[in-house]
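Structural overview for review
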Amino acid sequence: MDFELPESHRALKASLKDFCERKVKPYAREWDKDEKFPMEVVRELGQLGVLGMLVAEEYGGAAMDSLAVAVAVEEIARHDGSLALTVASHNGLGTSHIRVFGNDAQKRKYLPKLASGEWLGAWGLTEPGSGSDASGLKTTAVRKGDKWILNGAKMFITQGTVGHVFVVLALTTPEKRQKGITAFILEKGLPGFSQRPIHGKLGMRSSDTAELILEGVEVPDSQRLGELDHGFIDTLKILDKGRITIGALAVGLGRGAMEESVRYARERTAFGQPIAEFQGLRWMFADMKTEIDAARLLVHRSAWMADSGQPYTQAASMAKLFASEAAMRACNKAVQIHGGYGYTREFPVERYLRDAKLCEIGEGTSEIQRSIIAREIFKG
Amino acid sequence: MKILVTAKRVEDPESKIKVKPDGSGIVQEGLKYKINPFDEIGVEEGLRLAAKHGGEVVVVSIGGKEVQEQLRHALAMGAHRAVWVNHTGTLDQLALAGLLQKVAEKEKPDMVILGKQSIDDDQNQVGQYLAEFLGWSQATFASKVESLESEQEKNKVPALQVGADGKTVRVVREVDNGLATLECALPAVVTTDLRLNLPRYASLPGIMKAKSKPIEELTPEKLGVDVTPKIQVLKMSSPPPRKAGIKVPDVATLVDKLRNEAKAV
Ligand SMILES: Cc1cc2nc3c(=O)[nH]c(=O)nc-3n(C[C@H](O)[C@H](O)[C@H](O)COP(=O)(O)OP(=O)(O)OC[C@H]3O[C@@H](n4cnc5c(N)ncnc54)[C@H](O)[C@@H]3O)c2cc1C
Ligand SMILES: Cc1cc2nc3c(=O)[nH]c(=O)nc-3n(C[C@H](O)[C@H](O)[C@H](O)COP(=O)(O)OP(=O)(O)OC[C@H]3O[C@@H](n4cnc5c(N)ncnc54)[C@H](O)[C@@H]3O)c2cc1C
């Protein structure tokens with residue numbers, strides 16, 4: 001057994017570490033405060049290949065694996081959860097749905113521009129009335145000759161306004177419920193397709209989130225993605241992999257919280273000594289370190305299972321569940337260790353705490369992860 | 001044109017360097033390594049020249065198996081192929097220059113680019129020895145006229161200007177009292193200073209492609225170089241810890257202390 005990352009993954013980690021320290025770390029606080037989507041940096045990440053990590057070389061991608069995505073997302077989340085969410089959702093949701101289930105024409109049309117970052121990808125499953133109960137969606141697609149007419153709304157869609165390519169799930173055979181859902185590719189600017197930005201999020205504030213409104217949006221059948229009525233089954237596969245990535249994002253935030261706290265605790269003195277000397281705080285550090293390492297092991301294991309073709313649904317849910325909750329605990333401790341200063345924007349740990357909360361909600365809440373893990377235990 | 005660039009493996013300046021208690025060297029455990037930053041600048045400049053004039057960038061590193069990591073880094077940045085001189089054990093600057101001389105004679109590049117020094121031992125000798133051994137012209141401390149934030153830098157214009165006939169290179173050098181411009185006949189040896197360029201980040205496709213780029217293995221024996229060190233490190237020690245400073249209440253006290261205690265003004 002070998003716990004060392006492969007050389008290419010170490011190189012990727014080193015490259016992104018340098019990039020983030022120079023181009024992300026100094027600005028992340030402002031982006032968060034102003035809810036500013038850092039388009040320029042996202043484009044630079046595109047040039048580095050970070051937006052086409054899983055895409056095949058023939059479509060301009062880097063042809064890497066899930067472990068690489070996990071490594072990259074952790075490294076970005078170390079400094080900015082929002083940017084990591086942009087990278088995670090672009091790679092893992094929108095782009096992946098086309099990459100895995102698209103036909104050749106769709107892949108040729110969309111993947112090169114998604115991989116280079118010229119177009120950003122978004123993925124719309126959640127609706128105002130359905131989140132955890134995703135198959136309870138109400139958006140409809142009705143066939144009219146060679147065309148489909150879509151009506152409905154999508155809620156909390158990442159890259160909802162900055163995105164250009166949207167994968168949207170809609171009911172095509174309503175009486176068949178989850179076996180009657182199909183995916184479609186929509187492009188920004190289609191008549192009847194509008195986006196309403198959502199402001200005032202607790203965290204992930206510089207990630208772009210929007211509501212999508214579909215009012216009689218017409219697309220030809222060639223924009224149908226995957227088989228008719230197969231969209232929900234495909235979606236579950238996309239989500240499984242996405243969860244590994246959200247786990248990695250949580251690991252990055254937790255690690256950031258810990259590293260910042262180590263630095264702070266060495267410098268801050270109380271009662272005549274650095275606060276790092278107090279046993280009460282040292283035990284917090286011990287727990288943070290142990291839980292973050294354990295979370296990373298779960299994340300990397302689930303990525304390895306996915307990359308080596310094994311079933312990984314349960315492993316991915318365990319990784320996401322544990323990493324998200326470990327990150328919340330670590331970030332909460334980090335604010336505590338920073339005392340009154342931790343409660344202000346002067347230090348990044350309050351931002352990490354707000355960002356980490358999303359990991360317990362997005363791509364399936366912790367309750368849903370527990371349901372999946374338990375379902376797998378009792379299966380068969 | 002063909003450009004040979006060195007890629008030395010050095011301790012990551014971010015890791016904590018500790019001298020062994022017996023003074024025989026530094027503690028290796030837990031250290032991280034990277035490519036010598038001056039060499040990385042050299043790789044970048046080589047890539048820009050090759051992009052402008054066409055040709056090939058060959059990187060070379062000397063050391064044990066682990067230096068392949070630095071070669072892969074340079075290959076991921078875009079270098080075309082690599083030469084690895086496999087040798088474990090200490091090497092002094094003369095031996096390094098001797099090995100590089102043989103590699104250069106074998107590869108016959110138009111230019112060899114090295115860092116002005118490596119950030120581990122800070123010797124600043126290998127480039128100069130190499131030029132002497134090869135009998136080539138040399139330009140050390142290559143720098144840039146514009147700032148690193150300039151438009152030229154953003155457009156990645158090479159700072160080393162190769163003449164229209166491809167027979168000379170114009171090098172701006174950073175010297176004590178400003179900048180000096182040299183024109184050298186090619187082939188030449190150039191060493192890089194900090195302000196020559198901002199090296200690119202290795203891209204993900206670059207990292208993947210680097211996996212299949214060739215690394216040729218050579219040894220001092222194959223190159224026919226005697227690498228017995230002529231210089232021996234007797235002892236290493238940490239610099240004495242810096243004493244804490246003092247705070248002064250106002251400028252007048254500061255001036256007084258500078259004048260009467262430090263005798264600095
Ligand atoms: C910043 C952000 C970005 C997002 N990006 C996207 C995106 O790009 N695309 C997309 O499609 N969606 C996206 N989402 C939506 C996200 O996936 C949903 O918010 C999430 O799945 C939860 O759904 P909900 O908000 O409707 O909550 P609900 O489903 O209403 O859940 C409310 C509470 O009930 C609990 N609950 C629900 N069902 C059960 C059950 N069976 N057992 C136990 N407890 C249960 C939940 O765990 C939760 O605590 C995003 C959300 C946010 C906040
Ligand atoms: C919104 C806000 C309002 C405030 N209002 C007021 C106000 O009106 N008036 C006022 O006077 N102050 C006020 N404060 C200051 C507040 O009381 C202090 O922030 C608090 O007492 C903690 O002190 P500190 O921030 O210096 O943290 P520190 O004392 O530096 O503590 C840092 C960390 O070290 C730990 N630590 C310190 N000593 C020990 C020890 N011996 N053993 C174990 N762990 C230790 C702490 O528990 C903490 O986790 C306010 C703070 C905030 C954030």
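Here, the structure is the one placed above.
Everything quoted here is computed from the prediction, not taken from an experiment.

Let's shift gears to the environment of Val167 of chain A. Residues and elements named next belong to chain A. Tracing the backbone shows Val167 in strand β4 (residues 165–171). Sequence separation of Val167 and Leu125 is 42 residues, and the distance between their C-alpha atoms is 8.5 Å. With residues near it in sequence (within four places) discarded, Val167 still touches Gly94, His97, Ile98, Ala122, Trp123, Gly124, Ala183, Phe184 and Leu225.

Take the site of ligand 2 next. All names here are of chain A. Taken together, the neighbourhood of ligand 2 is formed by Arg268, Ala270, Phe271, Ile275, Phe278, Leu281, Gln336, Ile337, Gly339, Gly340 and Tyr343. One of the side-chain N or O atoms of Arg268 is found 2.6 Å from an oxygen atom in ligand 2. Within the complex, 42% of the 970 Å² of free accessible area of ligand 2 lies under protein. Those elements giving two or more residues to the shell around ligand 2 turn out to be α9 (313–337) and α10 (339–342).

In this section: the side chain of Glu40 of chain B. Residues and elements named next belong to chain B. Position of Glu40 relative to the elements: it lies in helix α1 (residues 37–53). Buried charged residue Glu40 carries no salt bridge. Nearest counter-charge: Lys34, at 5.9 Å. In this structure the side chain of Glu40 is engaged in a polar contact, spanning 2.8 Å, whose partner is the side chain of His73. Leave out the neighbours within four places in its chain, and Glu40 touches Ile35, His73, Met77 and Pro199.

Counting residues at the interface gives 13 residues for chain B, matched by 21 residues for chain A. In total, chain B and chain A occlude about 1500 Å² of area from one another, counting both sides; carbon and sulfur atoms represent 60% of this. Counting across the interface, chain B meets chain A through three salt bridges. Taking the shortest distance from any N to any O, the salt bridge between Arg72 of chain B and Glu7 of chain A comes out at 3.7 Å. Taken together, the links from chain B to chain A amount to four residue pairs in polar contact (both at pLDDT 80 or more). Sorting the residues of the side of chain B that touches chain A by element identifies α2 (68–77) and α6 (204–210) of chain B as the ones contributing at least two each.

The next thing to look at is the site of ligand 1. Residues and elements named next belong to chain A. Surveying the vicinity of ligand 1 reveals 15 residues, the closest of which are Ser132, Phe156, Thr158, Thr365 and Glu367. Here an oxygen atom of ligand 1 and a backbone polar atom of Leu125 are 2.9 Å apart. One of the side-chain N or O atoms of Thr365 is found 2.6 Å from an oxygen atom in ligand 1. Protein burial of ligand 1: of its 970 Å² of free accessible surface, 63% is covered by the chains. Breaking the shell around ligand 1 down by element, the ones donating at least two residues are β1 (121–124) and β3 (147–158). With three residues, β3 is the largest single contributor of residues to the shell around ligand 1. When its residues are assigned to classes, the shell around ligand 1 shows six nonpolar, six polar and three charged.

The next thing to look at is the pairing of strand β4 (residues 56–63) of chain B. Residues and elements named next belong to chain B. Burial of β4 is extensive: seven of the eight residues sit out of reach of the surface. Pairing of β4 with strand β5 (residues 81–86) involves six bridges; the strand directions are parallel. Across the sheet, Ile62 pairs through a bridge with Val85, a residue of β5. Read as a crossover between parallel neighbours, the route from β4 over α2 to β5 is right-handed.

What follows deals with the pairing of β5 of chain B. Residues and elements named next belong to chain B. Burial analysis of β5 places five of its six residues in the buried class, which makes it a mostly covered element. In this structure, β5 lies alongside strand β12 (residues 215–218), joined through four bridges in parallel fashion. Note on β12: the bridge partner recorded for Ala82 is Ile215.

Basis of the calculations
Residues numbered from 1 in each chain as written. Chains lettered and ligands numbered in written order. Predicted model: local features only at pLDDT ≥ 70, side-chain atom pairs only at ≥ 80, totals over all residues. Heavy atoms only, no water. Helix = DSSP H or I, 4+ residues; strand = E, 2+ residues; numbered from the N terminus. Contact = heavy atoms within 4.5 Å. Near = heavy atom within 4 Å. Polar contact = N/O pair within 3.5 Å; in protein donor to acceptor, adjacent residues only side chain to side chain. Areas by Shrake-Rupley, 256 points an atom, 1.4 Å probe, with all protein chains shown as cover. Buried < 20%, exposed > 50% of the residue type's maximum accessible area, 1.4 Å probe, protein only. Lys, Arg positive; Asp, Glu negative; His and termini not counted. Salt bridge = Lys/Arg side-chain N within 4 Å of Asp/Glu carboxyl O. Buried area = accessible area lost by both parts, 1.4 Å probe. Nonpolar A, V, L, I, M, F, W, Y, C, P; charged D, E, K, R; others polar. Pairing = 2+ DSSP bridges. Right-handed = clockwise from strand over helix to strand, strands pointing away.

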